[in-house]
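# Breakdown of the fold
Listed here are the chains, written in short residue letters.
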Amino acid sequence: MARGRLRIYLGAAPGVGKTYAMLAEGQRLRARGEDVVVGFVEPHGRRPTAAMADGLETVARRTLSHRGALFTEMDLDAVLARRPQVALVDELAHSNVPGARNAKRWQDVEELLDAGVDVVTTLNVQHLESLNDVVRQITGVTQRETLPDEVARRADQIELVDLPPEALRRRMVHGDIYAPDRIESALTHYFRVGNLTALREIALLWLADRVEEGLQRYRAEHGIVAPWETRERILVSLSGGPEGETLVRRAARISARTPGTELLALHVVLEEGLAGVEPAVLDAQRTLVESLGGSFHQITGEDVVDALLQFAEAENVTQIVLGASRHGRLASLLRAGVGERTIKGSGPIDVHIVTHREAAGSAVPSLPRPSRGTGPRRYWAALAGAVVLLPALTFLLTAVRGRVDLSSDLILYLLAVVVVALVGGLYPALLAAVAAALLADYYFIAPVHSLAVERPDTIAALVVFVATAALVGTAAGTAARRTHQAVRATSEARALSRLAAAMMRGQDLTALVEQIRENFGLSSISLLERDPEASPVPRWYVVASAGERPPEKPYEADVESPVDDVLTLAARGSGLSTQDRRVLAACAAELGLAHARGRISGCSGGAGTFADAERTRASLLLAAGRDLCAPLHTAEEALVRLRRRRAGATVPEEAKLLETARAAVHRAAQLVTDLDDVSRLHAGALDLYLRPVDLNEMLGAALDDLGPGGHSIIVRLPESLPDVIADAALLTRALTALGADALRHSPDRPPVVTAEVHVGRVRIRVEDGVSDRDRGAGPEPSRAPGPRADSLAVRLSRDLAEAMDGTLETAAESPGFAVILAFPSSASGRTATAGREV
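Reading the values: the criteria
- Residues numbered from 1 in each chain as written.
- Predicted model: local features only at pLDDT ≥ 70, side-chain atom pairs only at ≥ 80, totals over all residues.
- Heavy atoms only, no water.
- Helix = DSSP H or I, 4+ residues; strand = E, 2+ residues; numbered from the N terminus.
- Buried < 20%, exposed > 50% of the residue type's maximum accessible area, 1.4 Å probe, protein only.
- Contact = heavy atoms within 4.5 Å.
- Areas by Shrake-Rupley, 256 points an atom, 1.4 Å probe, with all protein chains shown as cover.
- Pairing = 2+ DSSP bridges.
- Core = buried A, V, L, I, M, F, W, Y, C linked by side-chain atoms within 4.5 Å.
- Salt bridge = Lys/Arg side-chain N within 4 Å of Asp/Glu carboxyl O.
- Phe/Tyr/Trp six-rings, centres within 6.5 Å; stacked < 30°, edge-to-face > 60°.
- Lys NZ or Arg CZ within 6 Å of the ring centre and 35° of its normal.
- Patch = residues over 30% accessible without salt bridge, like charges linked within 9 Å, V, L, I, M, F, W, Y side chains within 5 Å.
- Axes fitted to C-alpha atoms, helices over the stretch in contact; angles between N-to-C directions.
- Parallel < 35°, antiparallel > 145°, perpendicular 65-115°, else oblique.
- Nonpolar A, V, L, I, M, F, W, Y, C, P; charged D, E, K, R; others polar.
- pLDDT = per-residue confidence, 0-100.
- Polar contact = N/O pair within 3.5 Å; in protein donor to acceptor, adjacent residues only side chain to side chain.
- Left-handed = near helix turned anticlockwise from the far one by under 90°.

Secondary structure summary: the chain contains 25 helices and 24 strands in total. Of all 838 residues assigned to the chain, the portion counted as buried reaches 40%. Residue pairs at least 24 apart in sequence account for 71% of intrachain contacts in the chain once pairs closer than 6 positions are excluded. Here the chain has roughly 44500 Å² of accessible surface; of this, 56% comes from carbon and sulfur atoms.

See the structure below:
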């Protein structure tokens, strides 16, 4: 039997018209002559939706009972027995009532599809399992009913029912979605414009991904290799070299110019494996790609270009970003580079060649580079000095030829070379030494005006001369480099110390960032924070910035220095050296500490304010309670005297009213006393005297404190109950409070107090007198409203018990009022079955 077809009407929020569209489709299919039935439709009281179902055959629902209430669900067996061509089933993600055939409605739909029945259904995007956490983050509401994404992906057709947020809110205001009493709350919470816009975008993107999956299947089934530019896809090729970071940032900037563009990064592993590739560098580039919202891929191939183009065709890539070749001109002549071969084989795919520092040609200097110690200025000054000094010295020595021997000439030339070496370092010294040797040979060594040398000792002298010049130049260069390093280390330490001092003085982050910008000569700088919950595209927030047009995202910066998983320092300006980047990383770490300290200070300030508010509130409550004690006691005494005075003349109704008023005033006075005890307990002003006490005596004292009432309390205690370790006065106070609360929760039947010995502790259970059998049979006996164990009396008793090394727990298995006190026993004893009632 052929499997049925599934059609889903997808919406971004309730009320967009999914059920209406489903019923309209059912009416259209029915008019076309197909057999259509309504398996389950929930109109939610919306008249237009209910009217659209007129004329459609409806299968009667199945009634189920759960926890004493009746619910209706789709009768799956009846729909299968009816066997229509099309079944309309609302709310695909719905959870069935326990006792139904399946736990989820989508499982019912799967059975209908397996039986060959076509199903038309509805679904809200927030019910998809993969988007549940995203929707919770946006709306603050956790969706309890979720649907596996795979179920929706298997649908033969998904149609988006879309409605702008403003139109949806107008429908809400007109009462077309919720009842009038829910409109205001919905508009100010779930149905805010921002929430609806975000949900709408999520629905569109999710459906776009499903459309993309269908397009890829179609292209694969029909063997279509050429890319279709339905959306821009930027592919950056990573070789694992140091230029990868530059390429990724450039590709991210290209991708950011067109909304909806997808960024992919690819690393091709050749058959010989990761030879020549640093795994740490590749991992860092992977992290950068993912932080920019892209995806990292790694494949194996025999040739980089072939693998790159095959991947690009399979992923429908529209643009490829490559780095300029690092091979020299000779290697390029022998074989075409990756960029050139990719351009030739890319076809309609655009290829971007990005230059970088490691590209061939950029690292080939025409002259030796100046030493870091001497610097360019002293380097060129030394060369200019050699050009001027050596000819001048040669002219002077020629003028005094015959009066100065060759050794003196060489010493003078050596002096000139040493001067050049001290100024410019090794390379100018070597050039000056060779030039001085050639000048001495040409003008002063026989045969004169010729570079030929007749005597071997003269050759040795020239060699020693050049070697001496090289050694002196090397020493001078080393000394200059060490001096430069010392000066740089001093400047680095001074910069870090100034930043640390500014932090100690409590300067804000903006001032600290401005100081870093000035130290490094940057045009702008920003401290960025990433939202760790944002998915799949990261969201960045500017914590502090300085300069003109500071970067708002890491890929907009020329230099990035991560601080931790969520913080990064991004800067624009001239390229920094490796040492500058290292110092910038240290400054970024200090900024991270300053940011964390600011947050801690804010939290501690807020905590201090909250603590002050709590202390103020506690003192006010305590003062108010003490002020109320005297009036309440006076009112209670007045009511008692009034009742005694008019005992004979008062009608029963008046006597009952007087007694009710007296009990209410007594209860209010007791509450004030409870508040005072809680305050004293929390302040540590309540004295404790722990000793073995008889529970029978404590219960008797508690019953006496409760006073004469309209109800009794049933006490069931074992015959051989050991003493408990507690403070007698405080234990009596706790039992009295719990007994009064139990009476309030069970006014028609006496509460029950039981005790037992369990693992060296005496457990005292206080519960209302309504049994489970009474709760399940007919009307429930009258009980006081409110939480079953969250009253002031229970809180006071818990605090008192914990102060006496005891515990108080609520009985989770009881639906009414039930608490369990537990205290250490003075000795182990057996629990007897016999008991007595009081």
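Another point: the pairing of strand 9 (residues 233-237). For strand 9, the buried fraction is high: 5 of the 5 residues fall into the buried class. Residue alternation in strand 9 divides its side chains into two sets, Arg233, Leu235 and Ser237 and Ile234 and Val236, and both sets are buried. The sheet contact formed by strand 9 and strand 10 (residues 262-269) spans 5 bridges and is parallel. Across the sheet, Arg233 pairs through a bridge with Glu262, a residue of strand 10. Strand direction decides the pairing type here: strand 9 and strand 12 (residues 319-323), joined by 3 bridges, are parallel. Its bridge partner lying in strand 12, Leu235 is registered against Ile320.

Ranked by size, the top nonpolar core spans 60 residues in total, and within it Leu88, Leu112, Leu123, Leu128, Leu147, Met172 and Phe191 carry the most contacts. A per-element tally of this core places helix 9 (residues 193-221) first, with 5 residues. When neighbours within four sequence positions are excluded, Leu128 is seen to be in contact with Leu123, Leu147, Asp149, Ala152 and Trp206. Counting 34 residues, the second-largest nonpolar core is a separate cluster that includes Val715, Leu721, Ala755 and Phe817.

Scanning all chains against the criterion turns up 23 salt bridges. A salt bridge links Asp35 to Arg82, with the shortest nitrogen-to-oxygen separation between them at 2.8 Å. Remark: Arg82 occurs in helix 3 (residues 76-82) and Asp35 occurs in the loop between helix 1 (18-31) and strand 2 (36-40); sequence separation between them is 47 residues. Given a relative accessible area of 24%, Asp35 falls into the partly exposed group.

The next thing to look at is the packing of aromatic side chains. To describe a pair of aromatic rings, one takes the distance between the centres and the angle between the planes. Taken as a whole and assessed by the stated rule, the structure comprises 2 aromatic pairs. On the numbers, 5.0 Å between centres and 80° between planes, the contact of Tyr442 with Tyr443 is edge-to-face. Residue class for Tyr442 comes out partly exposed when judged on its relative accessible area of 32%. Its end group placed over the ring of Phe40, Arg61 keeps NZ or CZ at 4.0 Å from the ring centre.

Quick look at a nonpolar patch on the surface now. Together, Leu389, Leu412, Leu415, Val419, Leu422 and Val423 give the surface a local cluster of nonpolar side chains, amounting to about 470 Å² of exposed area. At 5 residues, the largest contribution of residues to the nonpolar patch is made by helix 16 (residues 406-424). Inspection of the secondary structure puts Val423 in helix 16.

With phi around 50°, Arg83 is a residue other than glycine that occupies positive phi space. By secondary structure assignment, the location of Arg83 is in the loop between helix 3 and strand 6 (86-89). When its relative accessible area of 41% is taken as the criterion, Arg83 is described as partly exposed.

The sheet built from 5 strands is open, its strands ordered 11-10-9-12-13 with parallel pairing. The two strands at the open ends of the sheet, each matched to only one other strand, are strand 11 (295-300) and strand 13 (350-354). Taking the axes of each pair of neighbouring strands and ignoring which way they run, one obtains an average angle of 25° across the sheet. With 5 bridges connecting them, strand 12 and strand 13 associate as parallel partners. Looking across to strand 13, one finds that Gly323 is bridged to Val354. With respect to the sheet, helix 10 (residues 244-256) is in contact with strand 9, strand 10, strand 12 and strand 13, its orientation differing from that of strand 9 by roughly 170°. Strands in contact with helix 11 (residues 279-291) are strand 10 and strand 11; relative to strand 11, the strand with the most contacts, it is inclined by about 140°.

What follows is about the pairing of strand 10. As a general feature of sheets, a regular strand has side chains that alternate between the two faces. The buried count for strand 10 comes to 7 of 8 residues, which makes it a mostly enclosed element. Where strand 10 lies against strand 11, 6 bridges are found, and the strand directions are parallel. Looking at the pairing, Val269 lines up with Thr300 of strand 11.

We now examine the sheet that holds strand 23 (residues 807-810). The strand order across the open sheet formed by 5 strands is 19-21-22-24-23, and the pairing between neighbours is mixed. Each edge of the open sheet carries a strand with a single partner, namely strand 19 (714-716) and strand 23. Going from strand to strand, the sheet's axes swing by 20° on average, the running direction of each strand aside. Examined bridge by bridge, strand 19 and strand 21 (residues 752-758) share 3 bridges and lie parallel to one another. The partner of Val715 across the bridge, within strand 21, is Val753. Sitting on the sheet, helix 25 (residues 792-803) touches strand 23 and strand 24 (818-824), and the angle it makes with strand 23 is about 145°.

Attention shifts here to the side chain of Arg249. Tracing the sequence through the fold places Arg249 in helix 10. Setting aside its immediate chain neighbours within four residues, Arg249 contacts Leu288, Pro554, Tyr555, Ala557 and Glu560.

This part takes up the packing of helix 10 against helix 11. Between helix 10 and helix 11, whose axes approach to 10 Å, the crossing angle comes to 10°. On the basis of their axis angle, the class for helix 10 and helix 11 is roughly parallel. Contacts between helix 10 and helix 11 involve Gly244, Glu245, Val248 and Arg249 from the first element and Gln285, Leu288 and Val289 from the second. Looking at side-chain class alone, the contact of helix 10 with helix 11 contains 3 nonpolar, 2 polar and 2 charged residues.

Close inspection of predicted coordinates is inappropriate for parts of the model with low pLDDT. Looking at the chain as a whole, its pLDDT mean stands at 77, while 74% of the residues score no less than 70. Long-range and interchain partners of residues 775-789, a stretch whose pLDDT sits below 50, account for 33 contacts in this model, where long-range means more than four residues apart.

Our next topic: the side chain of Ser825. Mapped onto the elements, Ser825 comes out in the segment after strand 24. A polar side-chain atom of Ser825 sits 3.1 Å from the main-chain carbonyl oxygen of Gly760.

With respect to burial, helix 4 (residues 105-114) is a largely interior element, 7 of its 10 residues being buried. Those residues of helix 4 not exposed but buried are Arg105, Trp106, Asp108, Val109, Glu110, Leu112 and Leu113.

To continue, consider the environment of Val543. Structurally, the position occupied by Val543 is in strand 15 (residues 540-547). Linking Val543 and Thr510, residues 33 residues apart in sequence, is a C-alpha distance of 8.5 Å.

For the rest of this paragraph, the subject is the packing of helix 12 (residues 304-314) against helix 14 (residues 338-345). Contact geometry for helix 12 and helix 14: axes closest at 10 Å, N-to-C directions at 40°. Taken together, the axes of helix 12 and helix 14 lie oblique to each other. When the axes of helix 12 and helix 14 are compared, the crossing they make is right-handed. The segment helix 12 lies against helix 14, with Val304, Val305, Leu308 and Leu309 engaging Val338, Arg341, Thr342 and Gly345.

With respect to the helices, strands and loops of the structure, Arg171 is situated in helix 7 (residues 165-173). The class for Arg171 is partly exposed, based on a relative accessible area of 26%. Along the primary structure Arg171 and Val16 are separated by 155 residues, whereas in three dimensions their C-alpha atoms are 8.9 Å apart. Discounting chain neighbours no more than four positions away, the residues touching Arg171 are Gly15, Val16, Gly17, Leu163, Asp176 and Ile177. Within polar-contact distance, the side chain of Arg171 engages the backbone oxygen of Gly15 at 2.4 Å.

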